[in-house]
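Next come the chains, spelled out residue by residue.
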Protein chains: 2
Amino acid sequence: MADKKQLRLAAFMRPTTIHTGAWRYPGAWPDANFNFAHIKQLAQTLERGKFDAFFMADHMAVLNMPTKALKRSHTATSFEPFTLLSALSQATERLGLAATASTTFDTPYHIARRFASLDHISGGRAAWNVVTTSNPDAALNFGMDEHMEHGQRYRRAREFYDVVTGLWDSWADDAFIRDVENGIYFDPDKMHVLDHKGEFLSVRGPLNIARPVQGWPVIVQAGASESGRQLAAETAEAVFTSQASLAIGQAFYKDVKGRAEKLGRSRDHMKILPAAFVVVGDTMEEAQRKRDKLDSLVHPDSGLASLSIALGHDASGFDLDGPLPEIPETNASKSGRERTIEMARSENLTVRQLAERVGGRTGLSFIGTPQTIADGMQEWLETEGSDGFTIQFPFLPMGLEDFVNRVVPELQRRGIFRHEYEGKTLRENLDLPRPGNRFFEK
Amino acid sequence: MADKKQLRLAAFMRPTTIHTGAWRYPGAWPDANFNFAHIKQLAQTLERGKFDAFFMADHMAVLNMPTKALKRSHTATSFEPFTLLSALSQATERLGLAATASTTFDTPYHIARRFASLDHISGGRAAWNVVTTSNPDAALNFGMDEHMEHGQRYRRAREFYDVVTGLWDSWADDAFIRDVENGIYFDPDKMHVLDHKGEFLSVRGPLNIARPVQGWPVIVQAGASESGRQLAAETAEAVFTSQASLAIGQAFYKDVKGRAEKLGRSRDHMKILPAAFVVVGDTMEEAQRKRDKLDSLVHPDSGLASLSIALGHDASGFDLDGPLPEIPETNASKSGRERTIEMARSENLTVRQLAERVGGRTGLSFIGTPQTIADGMQEWLETEGSDGFTIQFPFLPMGLEDFVNRVVPELQRRGIFRHEYEGKTLRENLDLPRPGNRFFEK
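Predicted model only: the values in this text are computed from it and were never measured.

**Points about the domain arrangement of chain A**
Residue and element names in this part refer to chain A.
- According to the domain assignment, chain A contains domain 1 (8-281 + 369-430) and domain 2 (282-363).
- In this structure, domain 1 and domain 2 have C-alpha centres spaced 28 Å apart.
- At the interface, 27 residues of domain 1 touch 21 residues of domain 2.
- Of the roughly 2100 Å² buried between domain 1 and domain 2, counting both surfaces, carbon and sulfur atoms make up 63%.
- The largest contributions to the domain 1 side of the interface with domain 2 come from His19, Tyr25 and Arg72, which together make up 24% of the buried area.
- For Arg406, the salt bridge identified is with Asp282, shortest N-O distance 2.7 Å.

**Digging into the interface of chain A and chain B**
- Across the boundary between the two partners, chain A contributes 74 residues, which contact 74 residues of chain B.
- With both sides pooled, the region where chain A packs onto chain B buries about 6400 Å², and carbon together with sulfur makes up 62% of that total.
- Across the chain A-chain B interface, the total number found is 8 salt bridges.
- The closest approach of N and O atoms between Arg113 of chain B and Asp58 of chain A, which form a salt bridge, is 2.6 Å.
- Counting across the interface, chain A meets chain B through 36 residue pairs in polar contact (both at pLDDT 80 or more).
- At the level of elements, α1 (36-48), α2 (67-70), α3 (81-89), α4 (108-121) and β6 (202-203) of chain A are the ones that each hand at least two residues to the side of chain A that touches chain B.
- In terms of residue count, α4 of chain A provides more of the side of chain A that touches chain B than any other element does, 8 residues in total.
- In terms of residue class, the side of chain A that touches chain B is made up of 35 nonpolar, 21 polar and 18 charged.

**Re unusual backbone geometry**
All names here are of chain A.
- With an omega of -5 degrees, the peptide bond between Gly205 and Pro206 qualifies as cis.
- Its location among the elements puts Pro206 in the loop between β6 and β7 (218-221).
- Backbone geometry places Asp431, a non-glycine residue, at a positive phi of 60 degrees.
- Mapped onto the elements of the fold, Asp431 is located in the segment after α15 (426-430).

**Focus on the pattern of salt bridges**
- Counted by the stated rule, this structure contains 72 salt bridges over all chains.
- Where Glu226 of chain A meets Arg259 of chain A, a salt bridge forms, and the shortest distance between an N and an O atom there is 3.0 Å. Of this pair, Glu226 of chain A sits in helix α7 (residues 226-235) while Arg259 of chain A sits in helix α8 (residues 246-262); the two residues are 33 residues apart in sequence, bridging distant segments of the chain.
- Using a relative accessible area of 14% as the deciding quantity, one classes Arg259 of chain A as buried.
- Where Arg418 of chain A meets Glu422 of chain A, a salt bridge forms, and the shortest distance between an N and an O atom there is 2.8 Å.
- Its relative accessible area of 4% is what places Arg418 of chain A among the buried residues.
- Because the salt bridges share partners, they merge into one network encompassing Glu80, Asp106 and Arg114 of chain A together with Glu80, Asp106 and Arg114 of chain B.

**A few points about the relation of the copies chain A and chain B**
- Note on the identical chains: chain A maps onto chain B by a rotation of 180 degrees and an axial translation of 0.0 Å, with an RMSD of 0.0 Å. A rotation of that kind, with that shift, is consistent with a two-fold axis. It is Ala87 of chain A whose C-alpha, among those of chain A, lies nearest the rotation axis, at 2.3 Å.

**Some remarks on the pairing of strand β11 (residues 388-392) of chain A**
All names here are of chain A.
- Burial within β11 is extensive, with 5 of its 5 residues counted as buried.
- Burial along β11 is two-sided: Gly388, Thr390 and Gln392 and Phe389 and Ile391, pointing in opposite directions, are all buried.
- Relative to β11, strand β1 (residues 8-14) is paired through 4 bridges, and the arrangement is parallel. Its bridge partner being in β11, Ala11 is matched across the sheet by Ile391.
- Looking at chain direction, strand β9 (residues 271-280) and β11 are connected through 3 bridges and run parallel.

Rules and cut-offs
- Residues numbered from 1 in each chain as written.
- Chains lettered and ligands numbered in written order.
- Predicted model: local features only at pLDDT ≥ 70, side-chain atom pairs only at ≥ 80, totals over all residues.
- Heavy atoms only, no water.
- Domains from an automatic or database assignment.
- Contact = heavy atoms within 4.5 Å.
- Buried area = accessible area lost by both parts, 1.4 Å probe.
- Salt bridge = Lys/Arg side-chain N within 4 Å of Asp/Glu carboxyl O.
- Polar contact = N/O pair within 3.5 Å; in protein donor to acceptor, adjacent residues only side chain to side chain.
- Helix = DSSP H or I, 4+ residues; strand = E, 2+ residues; numbered from the N terminus.
- Nonpolar A, V, L, I, M, F, W, Y, C, P; charged D, E, K, R; others polar.
- Buried < 20%, exposed > 50% of the residue type's maximum accessible area, 1.4 Å probe, protein only.
- Least-squares fit on C-alpha atoms with pLDDT ≥ 70 in both.
- Pairing = 2+ DSSP bridges.

See the structure below:
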């Protein structure tokens, strides 16, 4: 069993479910995304299911769609990542706690400090999902009229990463000696002053908190573009990604791990965890019925708003019960547009069905029985499609409970998923090395 | 009993003790400032003692003194306020959670969001200590070569406060209706877009989190200068302050409450809570012996560094066992210099004793028996010196336990301090009104 490649599982929990219809599903908690007692219970269920990590995306704006769609969104109110994860650290013991933090809208001293603090408070369970934030609505909340250009954002992200990891290394692991008799609290030879001055950032240091338990919190990245993949290859220890099919997943896996190896990194020190939407049923038919029911709860206003974004074309005037009309080329994302048109044509969907699908959740899904879901996951794992998944639940709490109660035991039975946590820290559980301190260790 | 003016008590907990010798005191926890299990226990003891709030100062730099003094400081490593308070919210039920956050080194969207999140997670126990951060060492950690000028800092703070409170009012209290049947999560007429554009800040909004439980977290301010007092009068609901004597405290109390009344505010809606250092003994002599012992644990290197800062003059070459030499006038703070010289002369202190005192803790202290300490506090309370205190403990955990086990019962016996919390939120316990929403309520 121990010689089988092990599956890693993160849970996508901000929002608690990505599906816009989820809060309306019969029996679901309509306020799951903003009820601390509920989220605590979900985190404890994840820990019972031996998940590696609770993963929080982030979104620093509300106004990202027209009001008539926005008012139907269950994610307009959410907890801030650090306050939520720190509180959850007190309700769990082994679950990793991954927060998204933006290199465009924050400063490295704050970021380094918060992740270090979360890592200490949680006993070594923090992870940082490094994002550059592509959302122009967020820019307006941070005093920027125009969003920073893509290449510049990525150069800043790389420098930001260097500064944050440098600040985490401000103190040797054994700097704080607390010699009561001689009154020496720390050894000054074990303190490093960073004195960073770069293209975007100027930070003196040292950080005002001891080196994190894990050395550095685990670095997560979600690179898709050329610069994103390169940043992931240089820095990421876990990669959150969207992959539409196994073949595409395998190509991505090969590309990013290959880039990392070229840089002298071990391919095992980067876990690739594509998002996977999972709906569990007693039969294939029941699972599909649940998904259809869920999709039907996406209001056309929400669906059309999402469809317009995906197509780069205003879909609000389309006949809901007719086929998708011809869509002219635009400047918007070509791949999203083509994928959406292809989906409509190949499955022969009406505009309403397409809008429900796009407004709900597209991309990699496992809809089936515990058996077929485990089959699919095992195939990805064993054919280098991924090292595991970031699970997206359809509705709460049932979707998560189904996964933990029914899919996890099947994965365990196959010897590809843990029965108990291997260690105390997230690094230990993900089998990632603890980074040496660049200033005090070879 | 209920008609007696009630004392309000905050606990100064970051650092866990302000006294530089504290971590060396016999029986004290040398790592109290950076041991989460210890801090949790202290917070629970504060709650047992019915304290209003756990108060965290903040300091966003390490290098504020020469290495030979710095290495003796137990505050070089500390938890970040939001991660710590959010974790503590899970270990306590009524204790207020006050964090310092800087209007100079952060952005209003982040600040509004974090305090709102802490307020929701704690069930309405958050408070924001609004500071402009006067520390030039911190500026170097945030990409600023020179620190922002005083007047400019205060203008920015005022604008920052308007933006943060405006963001808290982004949503009416009843905006989130979660109408499952019709698929309407919130009422768009109950969402306000701030669209702020001012001298320093440009923030669109709305905030991506529901209005805080308390409407707004309690606003704390620490104004001493003219602009500081004015900002406090305009905005503060609790004032953290340093007052050397009752007469000075009474003058400050009268001045700041008077300013607030001129602005149309009720004087009762602002609680003035000067810092008070408290050492409890069975007798006056025992209390004084504890304080002397504590002061003797301030290493001369630490003491002389603090003394140099207080005098605005390098004291490192002074004869430790001689009297304080004549100190020439400098550009440094005149009041601090004069207060220090006056202390040396009036108490006939050697340089060593003066350095120990200055390096330890100066200012308002209550050193005595539970009886004399309660006498002193009651006098301040009843003669308009203050509405309570922000207690600074000499060493942990004993200093805090002495206060809770011995001073609190004496205050309760006199009918000037609660036996039980009055409410669930910090506002309810401090008897402060819940602010109306400026956009949705008259």
